[in-house]
Amino acid sequence: MNQSIIQVDAFTDKPFSGNPAAVCIMQETRDDVWMQNIAREMNLSETAFLIKVDDGYNLRWFTPAFEVDLCGHATLASAHVLYELREAAVSDEIRFHTRSGILTASKNGDWINLDFPAEPGETVEYPAVLLEALGVSAEKVEILKNRMDYMIVVDSEEAVRSLKPDFNLLASVEMRGLIVTAKSESEEYDFVSRFFAPLAGVNEDPVTGSAHCCLAPYWCEQLGKDQLTGYQASARGGVVGVRIDGDRVVISGQAVTVLRGELNC
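This structure is a prediction, so every number in the text was calculated from the model and none was measured.

Student: Sorry, what's going on with the nonpolar core here?
Tutor: Side chains that are nonpolar tend, in soluble globular proteins, to be buried together. Ranked by size, the top nonpolar core spans 54 residues in total, and within it Leu 50, Trp 61, Ile 94, Phe 96, Met 151 and Ile 251 carry the most contacts. The contacts of Leu 50, once residues within four sequence positions are left out, are Val 23, Cys 24, Ile 25, Met 26, Tyr 57, Asn 58, Leu 59, Ser 78, Leu 82 and Phe 96.

Below, the structure is given as structure tokens:
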């Protein structure tokens, strides 16, 4: 049976920016090998696979290399597709069953709000190669880690934007990815970040919604606010709204459909 597949640019309001994700709405369950092969074929940072269940959708995310536990931009892309195809009414809250529990999406004008778990980082011992790969000094950074990623806080937005990591060295560190962040120097955003995940087959992810599960608790505490706007300063760039709600983070973004197709396999 053929499956439809839709490519969406997430965390942006215009094509060819933000983070592209493929969304496959399956009519029947397919095995893990098939999903991994499709993700490798699409060769995007994430491909999302949806299948309808009684109270929502089962949702899984695959990079070109492996399945992941949590992904923001492909969840945003999935919700965008369901609203756009009228599989969900604008007033509906969409429930996703995932490896990180129940996640929900709701429409707010042109934006979509995602309810995700907060994943704050803690100070930990870290491999020296982490800083060596970035070319930064330990005296100028703060290093945290949650269950998925390391996060390094540097002293300026320029330091974030100018990084040229050694991806071979970074790939030697056992982690999903590395967040690098700093307070924004513009009035438009509260903080900036970049995200590197060479071990997952993605040297630099354009916009990483799930990284904001760590970024939001940190910057809300640092800046004394419970609602912030972040900018992920990749080559494509993207805007992410965050709001703390107890032990949850509401992640907000826009999305644009750029391609529709059919899988003949």
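From this point, things continue past the structure.
Student: Teacher, can you tell me more about a nonpolar patch on the surface here?
Tutor: Taken together, the side chains of Phe 16, Val 258 and Leu 259 present a nonpolar region at the surface, about 300 Å² in accessible area. Mapped onto the elements, Phe 16 comes out in the loop between β1 (3-10) and β2 (19-25).

Student: Can you help me understand the packing of aromatic side chains in this one?
Tutor: Aromatic ring pairs are described here by two measures, namely the spacing of the ring centres and the angle between the planes. Throughout the structure, instances matching the rule amount to six aromatic pairs. Ring centres of Phe 167 and Phe 196 lie 6.0 Å apart, and the angle between their planes is 55 degrees; on these two criteria the pair is classed as tilted. Within this pair, whereas Phe 167 is found in helix α5 (residues 167-170), its partner Phe 196 is found in strand β13 (residues 191-197), the two being separated by 29 residues in sequence. Aromatic pair Tyr 218 and Trp 219: ring centres 5.0 Å apart, planes at 90 degrees, arrangement edge-to-face. Here the two residues Tyr 218 and Trp 219 agree in accessibility, since each one is buried. For Arg 30, the ring lying beneath its charged end belongs to Trp 34, and the centroid distance is 4.2 Å. A cation over an aromatic ring shows up here: Lys 52 above the ring of Tyr 57, its NZ or CZ 5.3 Å from the ring centre.

Student: Explain the pairing of strand β10 (residues 142-145) here, please?
Tutor: Successive side chains on a regular strand alternate, one facing one side of the sheet and the next facing the other. Direction of pairing for strand β9 (residues 122-123) relative to β10: antiparallel, over a ladder of two bridges. Pairing of Glu 122 across the sheet is with Lys 145, part of β10. Pairing analysis gives four bridges linking β10 to strand β11 (residues 149-153), with the strands arranged antiparallel. Within β11, the position partnered with Lys 145 by the bridge is Tyr 150. Two successive antiparallel strands, β10 and β11, enclose a turn made up of three residues.

Student: So what exactly am I meant to see when it comes to helix α1 (residues 32-42) here?
Tutor: The periodicity of an α-helix, 3.6 residues per turn, causes residues three or four places apart in sequence to face the same way. Those residues of α1 that fall on the buried side of the exposure criterion are Trp 34, Met 35, Gln 36, Ile 38 and Ala 39. Buried residues along α1 sit against β1, β2, β3 (46-53), β4 (56-62), β5 (67-68) and β18 (255-263). One side-chain oxygen at the N-terminal end of α1 lies 3.2 Å from the backbone nitrogen of Val 33; it belongs to Asp 31. Following α1 by one or two positions, Asn 43 adopts a phi angle in the positive range, close to 55 degrees.

Student: Would you mind showing me how to read the pairing of strand β7 (residues 101-108) here?
Tutor: Taken together, the five bridges between strand β6 (residues 94-98) and β7 define a ladder with antiparallel strand orientation. Counterpart to Phe 96 in the pairing with β7 is Leu 103. Bridge count for β7 against strand β8 (residues 111-117) is five bridges, and the pairing is antiparallel. Each residue of the ladder has a partner; that of Ala 105, found in β8, is Leu 114. Turn length for the β7-β8 hairpin, with the two strands adjacent in sequence and antiparallel, is two residues, and the turn residue Gly 109 shows positive phi of about 65 degrees.

Student: Can you help me understand the environment of Gln 232 in this one?
Tutor: As for its placement among the helices and strands, Gln 232 is situated in strand β15 (residues 227-232). Expressed as a C-alpha distance, the spacing of Gln 232 and Ala 89, which sit 143 residues apart in the sequence, is 30 Å. Discounting residues that sit within four places of it in the chain, Gln 232 has contacts with Ser 193, Arg 194, Phe 195, Asp 205, Pro 206, Val 207, Thr 208, His 212, Gly 237 and Gly 238. Within polar-contact distance, the side chain of Gln 232 engages the backbone oxygen of Pro 206 at 3.5 Å.

Student: Would you mind going over the pattern of salt bridges with me for this structure?
Tutor: Any two side chains of opposite charge can pair, given that their charged atoms come close. Enumeration over the complete set of coordinates arrives at 14 salt bridges. Asp 32 is paired through a salt bridge with Arg 60; the nearest N and O atoms lie 3.0 Å apart. Linking Asp 32 in helix α1 with Arg 60 in strand β4, this pair joins segments that are 28 residues apart in sequence. Look at Asp 32 and you get partly exposed, because its relative accessible area is 41%. Glu 204 serves as the salt-bridge partner of Arg 194, at 2.8 Å between the closest nitrogen and oxygen. With Arg 194 in strand β13 and Glu 204 in strand β14 (residues 202-205), the pair connects residues that are ten residues apart, well separated along the chain. Glu 204 gets classed as partly exposed once you look at its relative accessible area, which sits at 24%. Several salt bridges share partner residues, and in doing so they unite Asp 32, Arg 60, Glu 67, Asp 69, Arg 99, Glu 119 and Arg 147 into one network.

Cut-offs applied
- Residues numbered from 1 in each chain as written.
- Predicted model: local features only at pLDDT ≥ 70, side-chain atom pairs only at ≥ 80, totals over all residues.
- Heavy atoms only, no water.
- Core = buried A, V, L, I, M, F, W, Y, C linked by side-chain atoms within 4.5 Å.
- Buried < 20%, exposed > 50% of the residue type's maximum accessible area, 1.4 Å probe, protein only.
- Contact = heavy atoms within 4.5 Å.
- Patch = residues over 30% accessible without salt bridge, like charges linked within 9 Å, V, L, I, M, F, W, Y side chains within 5 Å.
- Areas by Shrake-Rupley, 256 points an atom, 1.4 Å probe, with all protein chains shown as cover.
- Salt bridge = Lys/Arg side-chain N within 4 Å of Asp/Glu carboxyl O.
- Helix = DSSP H or I, 4+ residues; strand = E, 2+ residues; numbered from the N terminus.
- Phe/Tyr/Trp six-rings, centres within 6.5 Å; stacked < 30°, edge-to-face > 60°.
- Lys NZ or Arg CZ within 6 Å of the ring centre and 35° of its normal.
- Pairing = 2+ DSSP bridges.
- Polar contact = N/O pair within 3.5 Å; in protein donor to acceptor, adjacent residues only side chain to side chain.

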